[in-house]
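As a plain string of letters, each chain reads:
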Amino acid sequence: MKRTPSVVLGLCSYTHDSSAALLVDGELVGFVEEERLSEQKHTKLYPARAIGWLLGQAKLSADDVDAVAYNFQPSRYLAESPAALGLALSPATRDRSLARAHGFAKVAVRTRQRLRVLGSQFPSAHVTPVLHHRAHQLTAFAASGWDEAAVLVVDSLGERQTTTIARGHGTRHPRSQTLEAINDPASLGYVYGAVTEHLGWRRGDEEGTVMALAALGDPARFRHLFARAVRTTATGFHIDPGYFPTRTLRSGYQRTSRRFVTETCPERHPSEPLTDLHRDLAAALQERTEQVMVHLARRARVLSGSRRLCVGGGVATNCVSIGKIIESGIFDEVFVPPAPGDAGTAIGAALAVHADRRNPRPVAGVARTCYLGPSYEDQPLDLTPWPGLRQNTLGIETAEFLADQLAHGTIAGLFQGAVEAGPRALGNRSILASPLEPGVVERLNATVKFREPFRPFAPMVPAERADEFFTLGQQAPYMSMASGVTDKTRERVPAIVHANGTSRLQTVTRSQNPFMHAVLTAFGRRTGVPVLINTSLNVKGRPICGTPEMALDCLANSGLDALLLEGRWITK
């Protein structure tokens, strides 16, 4: 008799960054973030398009799904309510204790309701809630492909946890064991989001802008404030509620205190100009974040005894902090998965359920891969909705053609193959430009991306030539690590060096992305510098383009010169 395969659907839904992943007998069919298909950035809606695509890829229906893995456990939220009432004993937290208890209980009830809704969508499936940080841990560790490693997860909040240190083990059957956990209100992600909002940017979306701004400021002005507000301890860190009041999970409660405002500056409206105060505040926040992240990495080394580290959670997208951990030499190698934030927990939740069911099939298709979403190769292209665009079909020397265009100053969009996982363009949904072109950074920010002029752009380089230009000393396949640069870089390609002397690096191997490796190599032959600027194929406030239609809109409505879309050269 033919065996019925195990079909596990992992979901991130109803909070932010909705996504879905599908495991069939332990093999990852695919993973995609709903925003790449719905065009709604950070959407929290049920990922119907993502699920539809995954089931279609596997030639399955909703009835074939026998397990749904959800990335939060409602009971863990509920456990915080009585603990929150204990905050009433302290004058510093008394005014928010009841609101906090109510907020966590409400989220617990809401999460249970969501599980019932998911159950109704998949009548043959058992719906399993997975501890949020466990999902993060498994995503980060399984993606590394290592047999054993320490795993550090740092985010804003997962049920009660904000920081966990674990040990991951097993390549074919990935597992994680939590060694130590820090609970809310000690949350590094909460603090970074609070200051991001205070500085006039969207919390949960524009923390990267604050990280970039930090390089322009002097941390000394507010260094002592953050040392008081975020105090390290022997086993982690503590947040002073006098600066960052306790989280409530309810609207209407400020994340920064009157004392914080008094000792720093008033909240900035997005339309107000930036001042040195704002730059210095960002710099001090970033400096303290880096210090705490390195402190946590040292703790992970002690607890796990491991020589390698995987980092996950929203704070793992702070590439400068990851670079500092690497520079510290605490670990031999550091790994960040392509989707370290909540979207990626759809994969980890599915892996958790696969493991808990004691399925003997090994996990496959997760390690060292990022091109996991839909592709649109060999599909007809109708430009009727974009009358100002015209197309030419290219021949077999596409990489050489693109390299030549870039060498002559063209800023080109690239849409090829499967959609990447995670928040950064990794060579399939990219905007590419020559770093040798005068004023290229200013042009990209002002006319292509429509974003702040101080924002830097990331370089990509063939992995075998990375040491000529960057000092990181390890591969960085997912653009998640800030690296120092060599004298050659400062002399030949200063456009890719941010004000803090670093670059958010992506190394590219021939096996990882043959086309981009060929383009970089061809560009290097023409210019002597095998380095390109790579930024995501989108404009500010929009998700990375997951469909041809989104990419064509991006070309038509931005300062892009051209778009290479599956072998077609499209121009205005």
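Residues numbered from 1 in each chain as written. Predicted model: local features only at pLDDT ≥ 70, side-chain atom pairs only at ≥ 80, totals over all residues. Heavy atoms only, no water.

J.: Before we go on, may I ask you to explain the sheet that holds strand β17 (residues 481–484) in this structure?
T.: Sheets are built from strands that pair by backbone hydrogen bonding, the pairs being arranged parallel or antiparallel. Strand order across the open sheet formed by 9 strands is β13-β21-β20-β14-β15-β19-β16-β18-β17, with mixed pairing between neighbours. The open sheet is flanked by β13 (390–393) and β17, the only strands paired with a single partner. Shown here is a sheet whose adjacent strand axes are inclined to one another by a mean of 35 degrees, direction ignored. Across 4 bridges, the pairing between β13 and strand β21 (residues 568–571) is antiparallel. (Pairing = 2+ DSSP bridges. Helix = DSSP H or I, 4+ residues; strand = E, 2+ residues; numbered from the N terminus. Axes fitted to C-alpha atoms, helices over the stretch in contact; angles between N-to-C directions.)

J.: Help me understand a positive patch on the surface in this model?
T.: A contiguous patch of positive charge, built from Lys44, Lys106, Arg110 and Arg250, is present on the exposed surface. For arginine 250, the location among the structural elements is in the loop between β10 (236–239) and α10 (258–263). (Patch = residues over 30% accessible without salt bridge, like charges linked within 9 Å, V, L, I, M, F, W, Y side chains within 5 Å. Areas by Shrake-Rupley, 256 points an atom, 1.4 Å probe, with all protein chains shown as cover. Salt bridge = Lys/Arg side-chain N within 4 Å of Asp/Glu carboxyl O. Lys, Arg positive; Asp, Glu negative; His and termini not counted. Charge placed at Lys NZ, Arg CZ, Asp CG, Glu CD.)

J.: Hey, could you run me through helix α12 (residues 319–328) in this one?
T.: Given 3.6 residues to a turn, an α-helix orients residues that are three or four positions apart in the same direction. Taking burial as the measure, the 10 residues of α12 include 7 buried ones, the bulk of the element. Regarding α12, the residues found buried are Cys319, Val320, Ser321, Ile322, Gly323, Ile325 and Ile326. In this structure, the buried side of α12 is in contact with α8 (207–214), α11 (276–304), β11 (308–312), β12 (333–335), β17 and β18 (502–508). (Buried < 20%, exposed > 50% of the residue type's maximum accessible area, 1.4 Å probe, protein only. Contact = heavy atoms within 4.5 Å.)

J.: Help me understand the nonpolar core in this model?
T.: Nonpolar side chains in soluble globular proteins tend to be buried together. Of all hydrophobic cores here, the largest spans 122 residues; its most connected members are Phe226, Phe244 and Leu309. Discounting residues that sit within four places of it in the chain, phenylalanine 226 has contacts with Val195, Phe244, Phe260, Leu281, Ala284, Leu285 and Arg288. (Core = buried A, V, L, I, M, F, W, Y, C linked by side-chain atoms within 4.5 Å.)

J.: What am I meant to see in α11 here?
T.: Here α11 is 29 residues long and its end C-alpha atoms lie 42 Å apart, about the 42 Å a rise of 1.5 Å per residue gives. Backbone geometry just downstream of α11 places glycine 305 in the positive-phi region, at approximately 70 degrees. (Expected span 1.5 Å × (residues − 1).)

J.: How should I be thinking about the pattern of salt bridges in this particular structure?
T.: Pairing is possible between side chains that carry opposite charge, provided their charged atoms lie close to one another. For the coordinates displayed, the defined rule picks out 34 salt bridges. For glutamate 34, the salt bridge goes to arginine 49, with nearest N and O atoms at 3.7 Å. Taken as a pair, glutamate 34 in the loop between β3 (27–33) and α1 (35–38) and arginine 49 in helix α2 (residues 48–58) lie far apart in primary sequence, 15 residues in all. We classify glutamate 34 as buried; its relative accessible area is 2%. Within this structure, Lys41, Arg202, Asp205, Glu206, Glu452, Arg455 and Lys540 form a network of salt bridges that share partners.

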